[in-house]
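One-letter residues, chain by chain:
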Amino acid sequence: MFRKVLVANRGEIAIRVQRALRELGIRTVAVYSEADARAPHVSEADEAYLLGAPEPAASYLNHSRLIDVARESGCDAVHPGYGFLSENAAFARRCAEAGVVFIGPSPQAIEDMGSKLRARALMVQAGVPVVPGTEAAAGALGPLERAARKLGYPVLVKAAAGGGGKGMRIVNAPAELERALALCRGEAEKAFGDGTLYLEKYLERPRHVELQVFADEAGDTVHLFERECSIQRRHQKIVEEAPSPALSPALRERMGAAAVAAARAVGYRGAGTVEFMLDATGTFYFLEMNTRLQVEHPITEMVTGLDLVRLQIEVASGARLPDGVRHAQLRGHAMECRVYAEDPEHGFLPASGRLLRLRVPSGPGVRVDAALREDMDVSIHYDPLLAKVVTYGHDRAECLQRMRRALAEFVILGIPTNLAFLQSILAHDAFVRGELTTHFIAEHLQDWRADAGTVHDAGLAALLLHDLVVGKPATAAVDGGMPPSPWESLRDWRS
Amino acid sequence: MERIFQRGEEKIEVRATRDGQALRLETTRGVVEFLWDELAPGDYLLRHGAAQHRCLVARLGAERWLWIDGRVHHLQVKEAGRRHDDAHAGDLQAPMPGQVLAIHVVPGERVTRNQPLVLMEAMKMQVEIVATRDGVVAEVKARAGEQVPGGAILVVLGEDGAP
């Protein structure tokens, strides 16, 4: 087993990984940018090293500096978390060259799944269903028009090197095809330096269902059931649950087998996620494989009783998959809500500010993964995820009631969040019935408003009372979002 | 004490008088009497008969934050809206706190409606601030690389021909 591990990440996931390491008796090494010197993931670790300026390229994406820190501090391994360098084959390779274990799959597996067209071809070979579509579509319009007609409109034009919605267009009719191809090629060349395009059948109102897979060094590969992640806004997941309300045991069996086949096709090791789109008829298609730990991994932990991060560490150090994993059982229901620093009053733009007051939910069946502390500044430099609220219940109804209770307990003052929006999702009839698609928000909550409802008189009374008690003029000296001076804070506390 | 709060589009006018542990609240909805207790700084229990509400309150400048009945409310004390009141029709403000990445114009430059003037970044999102109308750049208040609060005036536009 490792003795010391560098966690090459920040925020809640760095704290999550540190906890697993500490439970295993492994020393934790944190890294941080200049913006994060006082961040919770730094103060919790056994050792901490400065990487550089706040910009990710100078800090959390800085390969050379990270390798140097791993070496200097005498780490056996690096855990990349999610995001940042977690799916970077070049970094994984440099770790290996430096004699440090990269806790994740091989660089080759990362590369195979990183290219959409290559992954598609590998999946077809492995017998995993992919969305009907074409190979790389260069050249003449004629054959493409015929291919599109054969697929049936609407079709999707996609960039082979694509991601994040760039170089992607829905084409509803043949007349739109030529223009969409030109636009996508331009976008793709600009964004990815590669204008290669292909066509895919466009699935209307699919569900997003993903399978957790795990494999050890000996190639033993299992799946740990599914997560339904259909509730998304701007391609960002916000509510996830396990199991999916849409899966029968038989369908789960088939999707699980497909996910295991996908992982085996690239010689996968460690924790990975195979994403599928699932239509109303129960037909499913490979979307992509995420070759890392997912943000939403806690819901799988809740319904299996397993610690996926601990397993990652054990498997990376050469251990075989334990029996508890090979014969994992699905029990109860779990849900995750992602709480973001976003301003619903201003189009859900990322928000920042000082966390003036914090109360984290707790009680039966509630887990909160976060890296928050009262009086900390939430900066504008990184992902706006503030916390993940995870609840567990013996069935979906109990789990949902717990989630509503937990979100109502969550107090975050000082930074705008999407908490009220999450509460509206959970209150919606279609959500309660489990009728989820990736278009849920567009179909049901398009006209949602942040300031709906009234403020209770008792709340207004408390606001005025606070000004009377603290005893300062309405707008004090603090203006324009400047932080208060220590003297003012002190006066607040004493009064 | 009197206050006017702004909450989104809504304006809330309230008046409160304190008498020991009693608080009399007047709103456009009527008058209510509460008994209050301060559990901790910014943490209040408001009672009306046997019914009670826990309220957590925080403030920063004119901003007010309130948690009550499982919901967070964000309000502004109205008199403090100076930052925004000062902004004129020709001013381009930062829509959010963030870093100014680039300024595409210089004072005296003629610009047209929707022309990108400033590029900002916050949490990995890049946002172009565009001219709201045709005009001439009268003043550039922001510097590239600078961190600015939400609402900060970045560029002042003058009338065409009269910078």
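Residues numbered from 1 in each chain as written. Chains lettered and ligands numbered in written order. Predicted model: local features only at pLDDT ≥ 70, side-chain atom pairs only at ≥ 80, totals over all residues. Heavy atoms only, no water.

What about the overall build of chain B?
What chain B contains, in helices and strands, is 1 helix and 16 strands. Out of the 163 residues in chain B, the part that is buried amounts to 43%. Of all intrachain contacts in chain B linking residues separated by at least 6 positions in sequence, the fraction that spans at least 24 positions is 40%. As displayed, chain B offers around 8,200 Å² of accessible surface, 48% of which is attributable to carbon and sulfur atoms. (Helix = DSSP H or I, 4+ residues; strand = E, 2+ residues; numbered from the N terminus. Buried < 20%, exposed > 50% of the residue type's maximum accessible area, 1.4 Å probe, protein only. Contact = heavy atoms within 4.5 Å. Areas by Shrake-Rupley, 256 points an atom, 1.4 Å probe, with all protein chains shown as cover.)

As for the overall build of chain A
What chain A contains, in helices and strands, is 18 helices and 22 strands. Relative to the globule expectation of 23 Å for 495 residues, the C-alpha radius of gyration of chain A, 24 Å, shows essentially globular dimensions. Counting only C-alpha atoms and orienting by the principal axes, one finds that chain A spans roughly 75 × 55 × 45 Å. Counting over 495 residues, chain A shows a buried share of 57%. Of all intrachain contacts in chain A linking residues separated by at least 6 positions in sequence, the fraction that spans at least 24 positions is 64%. A total accessible area of about 19,800 Å² is found for chain A, and carbon and sulfur atoms account for 50% of it. (Rg over C-alpha atoms; globule rule 2.2 N^0.38 Å.)

Notes on the sheet that holds strand β2 (residues 27-33) of chain A
Residues and elements named next belong to chain A. One open sheet accounts for 5 strands, arranged β3-β2-β1-β4-β5; its pairing is parallel. With one partner strand each, in any of the chains shown, β3 (47-52) and β5 (101-102) form the two edges of the open sheet. Bridge count between strand β1 (residues 4-7) and β2: 4 bridges; the pairing is parallel. Looking at the pairing, Leu6 lines up with Val29 of β2. Those strands touched by helix α1 (residues 11-23) are β1, β2 and β4 (77-79), and its axis lies near 175° from that of β1. On top of the sheet, helix α3 (residues 63-72) reaches β1, β2, β3 and β4; it is set at about 155° to β3, its chief contact. (Pairing = 2+ DSSP bridges. Axes fitted to C-alpha atoms, helices over the stretch in contact; angles between N-to-C directions.)

Observations regarding the domain arrangement of chain A
Here chain A is partitioned into domain 1 (4-103), domain 2 (132-201) and domain 3 (207-444). Centre-to-centre separation of domain 2 of chain A and domain 3 of chain A, based on C-alpha positions: 31 Å. (Domains from an automatic or database assignment.)

Topic: the interface of chain B and chain A
Contacts between the two partners involve 62 residues from chain B and, on the opposite side, 59 residues from chain A. For the chain B and chain A pair, buried surface summed over both sides reaches about 5,600 Å², with 65% attributable to carbon and sulfur atoms. Where chain B touches chain A, the interface holds 4 salt bridges. For Asp457(A), the salt bridge is made with Arg29(B), and the minimal N-O distance between the two is 2.7 Å. (Buried area = accessible area lost by both parts, 1.4 Å probe. Salt bridge = Lys/Arg side-chain N within 4 Å of Asp/Glu carboxyl O.)

Some remarks on the pattern of salt bridges
Residue and element names in this part refer to chain A. Evaluated as defined, the whole model comprises 44 salt bridges over all chains. Ionic pairing is found between Arg292 and Glu87, a salt bridge with its closest N-O pair at 2.8 Å. Of this pair, Arg292 sits in the loop between β13 (284-290) and α10 (297-304) while Glu87 sits in the loop between β4 and α4 (89-97), and the two are 205 residues apart along the sequence. For Arg292, a relative accessible area of 17% puts it in the buried group.

What about the domain arrangement of chain B?
Domain annotation of chain B identifies domain 1 (2-78) and domain 2 (91-158). Placing a centre on the C-alpha atoms of domain 1 of chain B and another on those of domain 2 of chain B gives a separation of 37 Å.

Looking at the packing of helix α13 (residues 396-409) of chain A against helix α14 (residues 419-427) of chain A
Residues and elements named next belong to chain A. Contact geometry of α13 with α14 gives a least axis separation of 10 Å together with a crossing angle of 160°. The angle between the axes of α13 and α14 places the two elements in the roughly antiparallel class. In the packing of α13 onto α14, the handedness of the crossing is left-handed. For the pair α13 and α14, the contacting residues are Leu400, Met403, Arg404, Leu407 and Ala408 in the first and Leu419, Leu422, Gln423, Leu426 and Ala427 in the second. Among the residues making up the contact of α13 with α14, the classes are represented as 8 nonpolar, 1 polar and 1 charged. (Parallel < 35°, antiparallel > 145°, perpendicular 65-115°, else oblique. Left-handed = near helix turned anticlockwise from the far one by under 90°. Nonpolar A, V, L, I, M, F, W, Y, C, P; charged D, E, K, R; others polar.)

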